[in-house]
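Summary of the model geometry
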Amino acid sequence: MTHIAPVRDWASDFDVMDPRYLADPFSIWDELRRTCPIPHTDRRKSSWMPLRYDDVTAIAHDIEHFSSLKVAVIPGDEDEDPANFEGPNLEYGLPPISSDPPLHTWTRRLLLPWFSHQRVESYIPLTRELCRRLLDGFADDGHADAAADYAQQIPVRVIAQILGVSPDLSDTFTGWVRDVLEFADDAERRQHGAEGLLNYFIEQLEYRRQNPGDDLLSELLRTEVDGQPVDDGIVLGMAALVLIAGVDTTWSAIGSSLWHLATHPDDRKRMVAEPELWPTAVEELLRAYSPVTMAREVTQDFEYSGCPMKAGDKVLMNFPAANRDPEAFEHPEMVQLDRAHNRHVAFGSGIHRCAGSNLARMELQVALEEWLERIPDFSVAKGSEITWAGGQVRGPRILPVVFG
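Because the structure is predicted, anything quoted here is derived from the model rather than measured. (Residues numbered from 1 in each chain as written. Predicted model: local features only at pLDDT ≥ 70, side-chain atom pairs only at ≥ 80, totals over all residues. Heavy atoms only, no water.)

1. Regarding the overall build of the protein
Looking only at helices and strands, the protein has 16 helices and 14 strands in total. Relative to a compact globule of 404 residues, whose C-alpha radius of gyration would be 22 Å, the protein shows 21 Å and is just as compact. Taken over the C-alpha atoms alone, the protein extends approximately 55 × 55 × 40 Å along its principal axes. Across the protein, contacts joining residues at least 24 apart in sequence account for 70% of those joining residues at least 6 apart. Of note, the protein has its 38 positive side-chain charges centred 3 Å away from the centre of its 66 negative side-chain charges. (Helix = DSSP H or I, 4+ residues; strand = E, 2+ residues; numbered from the N terminus. Rg over C-alpha atoms; globule rule 2.2 N^0.38 Å. Contact = heavy atoms within 4.5 Å. Lys, Arg positive; Asp, Glu negative; His and termini not counted. Charge placed at Lys NZ, Arg CZ, Asp CG, Glu CD.)

2. Some words on empty space enclosed by the protein
Enumeration over the complete set of coordinates arrives at three cavities of 30 Å³ or more. A volume near 90 Å³ is recorded for the largest cavity. Together, 13 residues line the largest cavity, and Y21, W29, T293, G391 and R394 are the ones closest to its centre. Counting residues per element, the ones that place at least two in the lining of the largest cavity are helix 1 (19-23) and helix 2 (25-35). Here the second largest cavity defines a volume of roughly 70 Å³. What lines the second largest cavity is a set of 12 residues, and nearest its centre among them are T41, R43, R44, V73 and I74. (1 Å grid on protein atoms, 1.4 Å probe; cavity = no way out; pocket = protein on both sides within 12 Å on 5 of 7 lines; lining within 4 Å. Points joined across faces, edges and corners; volume = space filled by probe spheres on them.)

3. Re the packing of aromatic side chains
By convention here, two paired aromatic rings are described through the distance between centres and the angle between planes. Scanning the entire structure with this criterion turns up 18 aromatic pairs. A ring pair is formed by Y200 and F201, whose centres lie 5.5 Å apart and whose planes are at 75 degrees; its orientation type is edge-to-face. In this structure Y200 comes out as buried when scored by relative accessible area, which is 12%. What makes F201 buried here is its relative accessible area of 1%. (Phe/Tyr/Trp six-rings, centres within 6.5 Å; stacked < 30°, edge-to-face > 60°. Buried < 20%, exposed > 50% of the residue type's maximum accessible area, 1.4 Å probe, protein only.)

4. Remarks on the sheet that holds strand 11 (residues 378-380)
An order of 4-14-11 is seen for the three strands of this open sheet, with the pairing classed as antiparallel. Where the open sheet ends on each side, the last strands, each with one partner, are strand 4 (143-145) and strand 11. Neighbour to neighbour, the strand axes of the sheet diverge by 30 degrees on average, direction disregarded. Where strand 11 meets strand 14 (residues 400-403), three bridges bridge the pair, whose relative direction is antiparallel. Paired with V380 across the strands is V401, a residue of strand 14. (Pairing = 2+ DSSP bridges. Axes fitted to C-alpha atoms, helices over the stretch in contact; angles between N-to-C directions.)

5. Quick notes on helix 2
Those residues of helix 2 lying buried are P25, F26, I28, W29, L32 and R33. Along helix 2, the residues classed as buried sweep out an arc of 160 degrees about the axis, all on the same side. Opposite the buried face of helix 2, at more than 90 degrees from it, the exposed residues are R34 and T35. The backbone nitrogen of F26 lies 3.3 Å from a side-chain oxygen of the residue at the head of helix 2, namely D24. (Arc of directions from axis to C-beta. Polar contact = N/O pair within 3.5 Å; in protein donor to acceptor, adjacent residues only side chain to side chain.)

6. Some words on the environment of S47
By secondary structure assignment, the location of S47 is in strand 2 (residues 47-48). Looking at S47, the relative accessible area reads 4%, which means it is buried. Through-space distance from the C-alpha of S47 to that of V73 is 9.0 Å; in sequence the pair is 26 residues apart. For S47, the contacting residues outside a window of four places in its chain are F14, P39, H40, T41 and K314. Of note is the side chain of S47, whose polar atom sits 2.9 Å from the backbone oxygen of K45.

7. So, the pairing of strand 14
Two faces make up the sheet, and in a regular strand the side chains alternate between them. Where burial is concerned, the two faces of strand 14 differ: the one with V401 and F403 is buried and the one with P400 and V402 is not. For strand 4 and strand 14, the ladder comprises three bridges, and the chain directions are antiparallel. Paired with A144 across the bridge in strand 14 is V401.

8. Quick look at the environment of R44
Tracing the chain through its elements places R44 in the loop between strand 1 (40-41) and strand 2. Along the sequence, R44 and R157 sit 113 residues apart, while their C-alpha atoms lie 34 Å from each other. There is a polar contact of 3.0 Å between the side chain of R44 and the side chain of D15.

9. Some details on the sheet that holds strand 7 (residues 294-298)
The sheet built from five strands is open, its strands ordered 1-2-10-7-3 with mixed pairing. Edge positions in the open sheet fall to strand 1 and strand 3 (66-67), since each of these has one partner strand only. Across two bridges, the pairing between strand 1 and strand 2 is antiparallel. Looking at the pairing, T41 lines up with S47 of strand 2.

10. A word on the side chain of S256
Relative to the helices and strands, S256 is located in helix 12 (residues 232-263). Setting aside residues no more than four positions away along its own chain, S256 makes contact with Y289, W388, R394, G395 and P396.

11. Topic: the packing of helix 10 (residues 187-210) against helix 12
At their nearest, the axes of helix 10 and helix 12 sit 10 Å apart, and the two run at 120 degrees to each other. With respect to helix 12, the element helix 10 is oriented oblique. When the axes of helix 10 and helix 12 are compared, the crossing they make is right-handed. Across the interface between the two elements, L197, L198, F201, I202, L205 and R209 from helix 10 touch D232, V235, L236, A239, A240, L243 and I244 from helix 12. (Parallel < 35°, antiparallel > 145°, perpendicular 65-115°, else oblique. Left-handed = near helix turned anticlockwise from the far one by under 90°.)

12. Digging into the pattern of salt bridges
For side chains bearing opposite charge, pairing can occur when the charged atoms are close. For the coordinates displayed, the defined rule picks out 23 salt bridges. Two residues, R209 and E206, come together in a salt bridge whose shortest N-O distance is 2.9 Å. Here E206 and R209 lie together in helix 10, a separation of three residues that amounts to about one turn. Judged by its relative accessible area of 39%, R209 falls in the partly exposed class. Several salt bridges converge on common partners, so that one network encompasses D13, D15, R43 and R44. (Salt bridge = Lys/Arg side-chain N within 4 Å of Asp/Glu carboxyl O.)

Structure (structure tokens):
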């Protein structure tokens with residue numbers, strides 16, 4: 001584990017892995033928006049971080065100057081030579097999220113049907129039964145870790161169903177995803193997670209060729225684009241993306257929402273009493289506790305809003321900060337469960353807007369509905385320490401709560 005010095009000046013030396021940032025990024029964003037709305041750092045790599053809604057959305061739409069080929073917030077494994085890995089060609093990364101057109105266009109088109117409104121509705125019974133089974137395991141105990149025992153267990157099992165892989169490996173998948181996303185300064189741990197994922201899916205591709213099923217992996221192997229089968233490296237990257245992007249992000253949103261309800265009893269009671277609020281409440285919780293920050297890479301020397309960006313610089317697309325911009329949202333620091341006008345960017349903006357947004361919304365709502373149906377009264381356990389992950393994806397990883 002690399003030791004990183006603490007931040008002295010957030011405007012010129014920010015660090016999204018600093019313990020203060022992980023615990024409370026909101027106050028840091030608020031101060032910087034007033035004094036330096038696009039801070040810079042040379043930690044790890046020259047990086048910029050727009051914090052205003054208008055800047056974040058403008059950059060997200062400018063694919064000429066800001067490439068998506070390298071989306072990791074913390075530069076690391078993605079800068080290494082993919083030829084070092086023995087297996088299919090990995091130069092494509094994790095399309096469509098880490099690709100530019102035209103590769104982005106057709107790989108995204110292949111994924112969208114699996115996350116359509118109609119398809120997502122078919123996953124609701126599975127998700128609801130899963131949530132109830134998890135609640136059966138601890139509802140009578142009077143306490144639980146709402147993150148590890150519940151939130152963390154839901155998306156990985158739903159994604160396993162879509163990919164056609166064994167839900168019995170859920171804990172293994174979760175470990176690999178956490179290694180990849182949450183341990184930016186531990187190169188060995190990141191590599192362990194990436195290799196675990198890739199080796200598993202390489203084996204799965206060979207198995208599906210002999211034993212095709214009704215799942216996303218099998219369909220990608222059957223698919224032809226311009227008369228040619230999809231390259232194994234692209235199939236591999238897409239499978240890894242669905243697991244990585246569909247697991248950590250959604251469980252973080254569920255965990256953050258449970259933390260909010262545990263610490264805001266009036267909102268919790270209101271959701272129990274007014275279930276008709278669910279559609280707006282889900283959007284508001286997504287806005288207030290958006291989990292994901294993505295990156296772009298500057299394609300050429302370019303000045304944006306007075307910032308002299310250089311080719312190869314990172315730009316951290318801080319969607320969570322954009323969703324807290326007072327210029328875009330009235331009283332953004334307040335969670336208003338009936339907020340009517342809510343053009344949040346929790347799922348990104350532009351051509352890379354999250355393809356799985358319908359699934360994430362459904363999982364979040366079902367998870368919260370089932371929890372409140374079974375455990376309407378709960379709060380954070382006194383004296384307990386809540387652990388937050390951050391950087392690429394922010395959410396509680398340890399969330400002890402007591403019932404009643």
